[in-house]
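Spelled out, the chains give:
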Amino acid sequence: MTTDAAAAPLAIPARRPRTFWRAFAERRLSVAGLAVVLIATAVAVLAPVLAPLGPTHLHQERLSPPTAAHPLGTDRLGRDVLAIIIWGARVSLMFAVGVAGISLVVGIVLGAIPAYLGGWVDDLFSRFYEIFLMIPRFFLIILVVAVFGQNIVFTMIIVGLTAWVTNARLTRAQVLTIKERVFVKASMASGAGAFSVMLHHVLPNGLYPVIANSTLEMAGAIITEAALSFLGLGDPNHVSWGQLLHVAQEHLRAWWLAVFPGVAIFLLVLAFNLVGDGVSYALDPRLRRQR
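Here's a quick rundown of the structure.

Reading guide: rules and limits
Residues numbered from 1 in each chain as written. Predicted model: local features only at pLDDT ≥ 70, side-chain atom pairs only at ≥ 80, totals over all residues. Heavy atoms only, no water. 1 Å grid on protein atoms, 1.4 Å probe; cavity = no way out; pocket = protein on both sides within 12 Å on 5 of 7 lines; lining within 4 Å. Points joined across faces, edges and corners; volume = space filled by probe spheres on them. Helix = DSSP H or I, 4+ residues; strand = E, 2+ residues; numbered from the N terminus. Nonpolar A, V, L, I, M, F, W, Y, C, P; charged D, E, K, R; others polar. Buried < 20%, exposed > 50% of the residue type's maximum accessible area, 1.4 Å probe, protein only. Contact = heavy atoms within 4.5 Å. Expected span 1.5 Å × (residues − 1). Arc of directions from axis to C-beta.

This next bit is on the layout of surface pockets. Taken as a whole, the largest pocket encloses approximately 310 Å³ of empty space. Every element with two or more residues in the lining of the largest pocket is listed here: α3 (28-45), α5 (81-117) and α14 (256-283). A per-element tally of the lining of the largest pocket places α14 first, with 5 residues. Within the lining of the largest pocket, the residues separate by chemical class into 15 nonpolar, no polar and no charged. Approximately 220 Å³ is the volume attributed to the second largest pocket. What lines the second largest pocket is a set of 15 residues, among which Arg137, Thr162, Ala163, Thr166 and Glu217 lie closest to the centre. Mapped by element, the contributors of at least two residues to the lining of the second largest pocket are α6 (119-134), α9 (165-178) and α12 (208-230). If you tally residues by element for the lining of the second largest pocket, the top one is α12, at 4 residues. When its residues are assigned to classes, the lining of the second largest pocket shows 9 nonpolar, 4 polar and 2 charged.

So, in structure tokens, the structure goes:
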């Protein structure tokens, strides 16, 4: 054995960097929530295959309890509850994604630009956030939907335009912190434009709480849509889980009309909350350090 070989230090394998999915997988409940969301998505996509007759097909059995022919029973019109839940998953998921997307885009724009500009612009928008938070959001949604109609797309836009404040405030807090970092100052000193610095340096390093919050907003959007349908303000052209709950008010003995859609809403809302928790954990290194 040569001296050089004896003196050579033992090779230590480099530690692999923690990826998003590896960090997310550490939260077992979040993985279970993601599985529920993926199953619900698959059910929504395969609705024409799983329930080919559609949710509006009328059967002879009315207010029938669960049977072999109708595993989840039928409603007062003879519609199969299982078919309504399968097709209603499309409405819930579309509504959740649409509301979260609108809230995310509006929140980032109205939060990042004023915070980056600073001064009186930031102060003005901060007061605007506070005023908007004082407005009862759900009652505003009910008023707008009742006055202008119950179209599902219109309702989705209205809900999204009332849910952006939290994302805007989170974005503002992140931008105010990150724009003072050394790498941002260095980029500006090198001659990069303000828009380029914000787009390539500030926002990519500050969006993780906003993305996590948008995932949680999907759960809130599902509850909002179900609540509007429960109050009779849902789109009559689309079946939804909230509509079954609305019908269940008139038929209290038909327990299956309330239990099955209620369980579907509960599971999907819980799943999105668990996914949001996992996304927040995977994107925020401070949470992992605390663990």
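Turning next to empty space enclosed by the protein. In the structure shown here, the tally under the stated rule is 2 cavities of 30 Å³ or more. Here the largest cavity defines a volume of roughly 50 Å³. Taken together, Phe95, Gln150, Ile152, Thr155, Glu225, Leu228, Ser229, Leu233, Gly234 and Asp235 make up the lining of the largest cavity. For the lining of the largest cavity, the secondary-structure elements that each account for two or more residues are α8 (152-161) and α12.

Moving on, we get to α8. For an α-helix the count is 3.6 residues per turn, leaving residues at separations of three or four pointing the same way. Burial in α8 covers these residues: Ile152, Thr155, Met156, Ile158, Val159 and Gly160. Buried-residue contacts for α8 involve α5, α7 (137-148) and α12.

Mapped onto the elements of the fold, isoleucine 178 is located in helix α9. By relative accessible area, which is 3% here, isoleucine 178 ends up buried. With 24 residues separating them along the chain, isoleucine 178 and valine 202 place their C-alpha atoms 6.0 Å apart. Excluding its chain neighbours within four sequence positions, the residues that come into contact with isoleucine 178 are Phe183, Val184, His201, Val202, Asn205 and Gly206.

The next point concerns α6. In a regular helix each residue adds 1.5 Å, so 16 residues correspond to 22 Å; α6 covers 24 Å between its end C-alpha atoms and thus fits that length. Considered for burial, the residues of α6 that qualify are Val121, Asp122, Ser126, Tyr129 and Phe132. On an axial view of α6, the arc spanned by its buried residues comes to 135°, and they lie on one face. Among the exposed residues of α6, those oriented more than 90 degrees off its buried face are Trp120, Ile131 and Met134. The secondary structure elements touched by the buried residues of α6 are α5, α8 and α9.

Spatial relationships are all this shows, so hold off on functional conclusions.
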